[in-house]
Amino acid sequence: AAGPFDRWPTGKGFDYWYGFQGGEASQWHTPLYENTVPIEPPHDDPNWHFSEAIAEKAISWLSQQKAGAPDKPFFMYFAPGACHSPHHVAKEWADKYKGKFDHGWDRQREIAFENQKKLGLVPKGTKLTPRPDSIPSWESRSADEKRLYARMQEVFAGFLEHVDAQIGKVVDAIEGMGLRDDTLIIYVVGDNGPSAEGSLTPKQLLEIGHE
């Protein structure tokens, strides 16, 4: 409580900050801070989720600033927990992708690669790199492992779509305030790649897959 807070967002030039420190934070029971004060998420709302809460806070902050100082420009850094682990999203979002990844990671990387070429993200003549020897083939996995890994991808996809929808709410709010044509939005969503903690298949995950 005594600081120093010079390396916190409010010490780096931001007027207001709402979020959490550190990684691996729960998105349902998030260790929250408002500026430099620890706060509690609402424990009486079982549907509370950080991605939704930060979108609501962003819209509220922007609305108040434009009401009080309509000519003042704004800079907002919107930093949700998605899609860093843990992948926390309501079941209905993950279930939207039920069965979409049953073909496995070997086929999925081919699909993603073809989509990248269609979108012009990589040149059409680009060749897909071989699967690294350190990654087993999909067909070599057991039925339980396939079921587990497919579900993990379904949850990831649902988590990604969910946070995308929340960011969409913020963009819609900016448009509703008449600021969209005068606002530069740089949208980068992702993480630093697959996490290596616990080896390729942590024992705990296999146990979860059998439940």
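Here is a short report on the structure shown in this document. Nothing here was measured: the structure is a model prediction, and the numbers come from that model. (Residues numbered from 1 in each chain as written. Predicted model: local features only at pLDDT ≥ 70, side-chain atom pairs only at ≥ 80, totals over all residues. Heavy atoms only, no water.)

## Considerations on the pattern of salt bridges
Rules: Criterion for a salt bridge: a side-chain nitrogen of Lys or Arg within 4 Å of a carboxyl oxygen of Asp or Glu. To qualify as a helix, a DSSP run of H or I must reach at least 4 residues; to qualify as a strand, a run of E must reach at least 2; elements of each kind are numbered from the N terminus. When a residue's accessible area, from a 1.4 Å probe over protein chains only, is under 20% of the maximum for its type it is buried; when over 50% it is exposed; and in between it is partly exposed.
Applying the stated criterion across every chain yields a total of 12 salt bridges. With its nearest N and O atoms 2.9 Å apart, the salt bridge here joins Arg151 to Asp95. In this pair, Arg151 sits in helix α4 (residues 143-176) while Asp95 sits in helix α2 (residues 91-95), placing the two residues 56 residues apart along the sequence. In this structure Arg151 comes out as partly exposed when scored by relative accessible area, which is 24%. Classification of Asp95 by relative accessible area gives partly exposed; the value is 28%. The shortest N-O distance in the salt bridge between Lys146 and Glu139 comes to 3.4 Å. We classify Glu139 as exposed; its relative accessible area is 62%. Put simply, Lys91, Asp95, Arg151 and Glu154 are held in one network by salt bridges that share partners.

## Details of the sheet that holds strand β1 (residues 18-20)
Applicable threshold: Pairing between strands is defined by DSSP: at least two bridges between the two strands are required. Every axis in this analysis is a line fitted to C-alpha atoms, fitted for helices over the stretch in contact. Angles between the N-to-C directions lie between 0 and 180 degrees. A contact between two residues is defined here by any heavy atoms of the two lying within 4.5 Å.
As summarised here, the arrangement of the 3 strands in space is β1-β2-β3, forming an open sheet in which the pairing is antiparallel. Strands at the two margins of the open sheet, each flanked by one partner only, are β1 and β3 (37-39). Here the average twist between neighbouring strands, direction ignored, is 40 degrees. Here β1 runs beside strand β2 (residues 32-34); their pairing, made up of 3 bridges, is antiparallel. In the sheet register, Tyr18 faces β2, and the bridge partner there is Glu34. Here helix α1 (residues 50-68) sits on the sheet and contacts β1 and β2; the angle it forms with β1, its principal contact strand, is near 155 degrees.

## Overview of the packing of α1 against α4
The cut-off we apply is this: For classification, angles of less than 35 degrees are called roughly parallel, those exceeding 145 degrees roughly antiparallel, those between 65 and 115 degrees roughly perpendicular, and all remaining angles oblique. Amino acid classes used here: Ala, Val, Leu, Ile, Met, Phe, Trp, Tyr, Cys and Pro are nonpolar; Asp, Glu, Lys and Arg are charged; the rest, including Gly, are polar.
Between α1 and α4, the shortest axis-to-axis distance is 9 Å and the interhelical angle comes to 10 degrees. When the axis of α1 is compared with that of α4, the two are roughly parallel. On α4, the residues touching Ser51, Glu52, Ala55, Ala58, Ile59 and Leu62 of α1 are Phe159, His162, Val163, Gln166, Lys169, Val170, Ala173 and Ile174. Partitioned by chemical class, the residues of the contact of α1 with α4 number 9 nonpolar, 3 polar and 2 charged.

## Describing the packing of aromatic side chains
Put simply, the test is: Only Phe, Tyr and Trp rings are paired, with Trp represented by its six-membered ring, and only when their centres lie within 6.5 Å; those with planes under 30 degrees apart are stacked, over 60 edge-to-face, the remainder tilted.
In total, this model carries 10 aromatic pairs according to the counting rule given. With centroids separated by 6.1 Å and ring planes inclined at 10 degrees, the aromatic side chains of Tyr18 and Phe50 adopt a geometry described as stacked. A residue pair is termed long-range when its members are at least 10 positions apart, and Tyr18 in strand β1 and Phe50 in helix α1 qualify at 32 residues. Of the two residues examined, Tyr18 and Phe50, each falls in the buried class.

## Let's talk about a nonpolar patch on the surface
The condition is simple: Exposure above 30% relative accessible area and the absence of a salt bridge qualify a residue for a patch, where like charges join within 9 Å and nonpolar side chains (Val, Leu, Ile, Met, Phe, Trp, Tyr) within 5 Å. All accessible-area figures derive from a Shrake-Rupley calculation using a 1.4 Å probe, and residue coverage is judged against the displayed protein chains alone.
Residues Leu160, Ile185, Tyr187 and Val189 make up a contiguous nonpolar surface patch of roughly 300 Å² in combined accessible area. Looking at the secondary structure, you find Val189 in the loop between α4 and α5 (203-210).

## Some details on the side chain of Lys117
Its location among the elements puts Lys117 in helix α3 (residues 105-118). Overall, the relative accessible area of 16% leaves Lys117 in the buried class. In contact with Lys117, other than residues within four places in its own chain, are Val122, Pro123, Lys124 and Thr126.

## Concerning the environment of Trp8
Take Trp8: it is sitting in the segment before β1. Sequence separation between Trp8 and Asn35 is 27 residues, and the spatial gap between their C-alpha atoms is 8.3 Å. Discounting chain neighbours no more than four positions away, the residues touching Trp8 are Trp17, Gln21, Tyr33, Asn35 and Thr36.

## Here's the deal with unusual backbone geometry
Here Ala82 and Cys83 are connected by a cis peptide whose omega angle stands at 0 degrees. Cis geometry marks the peptide bond from Ser85 to Pro86, where omega comes out at 0 degrees. Position of Pro86 relative to the elements: it lies in the loop between α1 and α2. Positive phi, normally seen in glycine, also occurs at Glu24, with a value near 60 degrees. Relative to the elements of secondary structure, Glu24 occurs in the loop between β1 and β2. Positive phi is not limited to glycine here, since Asn35 has a value of about 60 degrees.

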